[in-house]
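Residue strings, one per chain:
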Amino acid sequence: MRKPTEERKNELLLKDELEKLISQDSSEMTNLIQQTKAVLPQRSSSTFLDYENVKIDSDATATGIVDSIAEFYLDKGTIEEIPYVKQKNSVDKITVSNLLFQMKTAEHAIIKLLEEIDNGNTHPRTFEVLSSLQRSKMEIVKHLAQFMVIMEQNYKNLKEDYRIKKSEEPTTLRASEYSEETVDSTSTQFRGTKGLIDVIRQAVPETRADGTLRKDEGEEDVK
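Residues numbered from 1 in each chain as written. Predicted model: local features only at pLDDT ≥ 70, side-chain atom pairs only at ≥ 80, totals over all residues. Heavy atoms only, no water.

Some points on the overall build of the protein
1) Next: Across its full length, the protein holds 7 helices and 4 strands.
2) Next: In sequence order, the secondary structure elements of the protein are arranged as α-α-α-α-α-α-β-β-α-β-β.
3) Next: Here the protein, with 223 residues, has 17% of them falling under the buried criterion.
4) Next: Of the contacts made within the protein by residues no fewer than 6 positions apart, 60% connect residues no fewer than 24 positions apart. (Helix = DSSP H or I, 4+ residues; strand = E, 2+ residues; numbered from the N terminus. Buried < 20%, exposed > 50% of the residue type's maximum accessible area, 1.4 Å probe, protein only. Contact = heavy atoms within 4.5 Å.)

See below:
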């Protein structure tokens, strides 16, 4: 009878070991599973990010920021009454909210990668992604700071434009406010300072150097 070769002996030993593993009862398998769980890093549910609450918080923060800047330069009534200012205010809130949301989610992703590295995942690709996320977050912070400056300047310009627009609008002037002799209460409209001076000249007679009043042409001077 021919003796089994060394390779054949190794195959038989491997077969026996596999049979022993298969024949293990469920209690031993459960014990192994518990040991495996103890070795693997535990994931706590508290580390998950609630994106809905983050979005709500970003909207509330953006509303406070934009309103505080807008009301510093413009009255609240002006913001609500003028459609252009009102729409601009809404767009600014959306922009700031999106920037805040992106910044918070990027920060969460950075924290998760740092946890992976602490748990032993030191693959070079992990550090590469972490570095990219950190750069992205800094870009978001820079864009937010730049937008804040631009937004402040825009509202400052709006305040000046609104002041000029109001000064150019027709203003009502009553002649009775300048002359007690005038009985006609009709209103006069004028534009700019030139119109105002003409109305005042018509309402108030001019006085000469000698103390006489200058009347309209055809009338005698009154001393």
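The structure having been displayed, the exposition proceeds.
Concerning the packing of aromatic side chains
1) Next: For the coordinates displayed, the defined rule picks out 1 aromatic pair.
2) Next: With centroids separated by 5.0 Å and ring planes inclined at 85°, the aromatic side chains of Phe72 and Tyr73 adopt a geometry described as edge-to-face.
3) Next: Among the residues examined, Phe72 registers a relative accessible area of 64% and is labelled exposed.
4) Next: For Tyr73, a relative accessible area of 14% puts it in the buried group.
5) Next: Over the face of the ring belonging to Tyr155 we find Lys88, whose NZ or CZ atom lies 5.6 Å from the ring centre. (Phe/Tyr/Trp six-rings, centres within 6.5 Å; stacked < 30°, edge-to-face > 60°. Lys NZ or Arg CZ within 6 Å of the ring centre and 35° of its normal.)

A closer look at the packing of helix 3 (residues 51-73) against helix 6 (residues 124-168)
1) Next: For the pair helix 3 and helix 6, interaxial distance at closest approach is 8 Å and the crossing angle is 30°. Between helix 3 and helix 6, the interaxial angle falls into the category roughly parallel. Pair helix 3 / helix 6 crosses with right-handed handedness. Taken together, the residues of helix 6 that come into contact with helix 3 (itself represented by Ile65, Val66, Ile69, Ala70 and Tyr73) are Met148, Met151, Glu152, Tyr155, Lys156 and Lys159.
2) Next: Broken down by class, the residue content of the contact of helix 3 with helix 6 amounts to 8 nonpolar, no polar and 3 charged. (Axes fitted to C-alpha atoms, helices over the stretch in contact; angles between N-to-C directions. Parallel < 35°, antiparallel > 145°, perpendicular 65-115°, else oblique. Left-handed = near helix turned anticlockwise from the far one by under 90°. Nonpolar A, V, L, I, M, F, W, Y, C, P; charged D, E, K, R; others polar.)

With respect to helix 5 (residues 83-118)
1) Next: Taking 1.5 Å of rise per residue, the 36 residues of helix 5 would be expected to cover 52 Å, and the 53 Å separating its terminal C-alpha atoms lies within 8% of that figure.
2) Next: Downstream of helix 5 by one or two residues, Gly120 has phi in the positive range, about 110°. (Expected span 1.5 Å × (residues − 1).)

Digging into the environment of Phe127
1) Next: Relative to the elements of secondary structure, Phe127 occurs in helix 6.
2) Next: Between the C-alpha atoms of Phe127 and Leu113, which are 14 residues apart in sequence, the distance is 8.3 Å.

Here we look at the nonpolar core
One recurring pattern in soluble globular proteins is that nonpolar side chains are buried together.
1) Next: Counting 18 residues, the largest nonpolar core has Leu74, Val96, Leu100, Met151 and Tyr155 as the members making the most contacts within it.
2) Next: Secondary structure elements with two or more residues in this core: helix 3, helix 5 and helix 6.
3) Next: The element that contributes the greatest number of residues to this core is helix 6, accounting for 6 residues.
4) Next: When sequence neighbours within four positions are dropped, the list of residues in contact with Tyr155 reads Val66, Ile69, Ala70, Tyr73, Leu74, Lys88, Asn89 and Asp92. (Core = buried A, V, L, I, M, F, W, Y, C linked by side-chain atoms within 4.5 Å.)

Regarding helix 6
1) Next: Over its 45 residues, helix 6 extends 66 Å from the first C-alpha to the last, a length consistent with the 66 Å expected when each residue adds 1.5 Å.
2) Next: Listed as buried for helix 6 are Thr126, Leu130, Ile140, Leu144, Phe147, Met151, Tyr155 and Leu158.
3) Next: Buried residues along helix 6 sit against helix 3 and helix 5.

Topic: the confidence of the model for the protein
1) Next: Per-residue confidence for the protein gives a mean pLDDT of 75; residues scoring 70 or more make up 60%.
2) Next: A low-confidence stretch, residues 173-185 (pLDDT under 50), is modelled with 15 contacts involving residues beyond four sequence positions or located in other chains. (pLDDT = per-residue confidence, 0-100.)

What to know about the pattern of salt bridges
1) Next: One pass over the structure, following the stated rule, counts 9 salt bridges.
2) Next: In this structure, the salt-bridge partner of Lys137 is Glu107, at a minimum N-O distance of 3.9 Å. With a gap of 30 residues between them, Lys137 in helix 6 and Glu107 in helix 5 connect regions that are remote in the sequence.
3) Next: Taking relative accessible area as the criterion, Glu107 reaches 37% and is therefore assigned partly exposed.
4) Next: For the salt bridge of Glu139 with Lys142, the shortest nitrogen-to-oxygen distance reads 3.5 Å. One end of the pair is Glu139 and the other is Lys142, both in helix 6 and 3 residues apart, which spans about a single turn.
5) Next: Given the relative accessible area of 40%, Lys142 is considered partly exposed. (Salt bridge = Lys/Arg side-chain N within 4 Å of Asp/Glu carboxyl O.)

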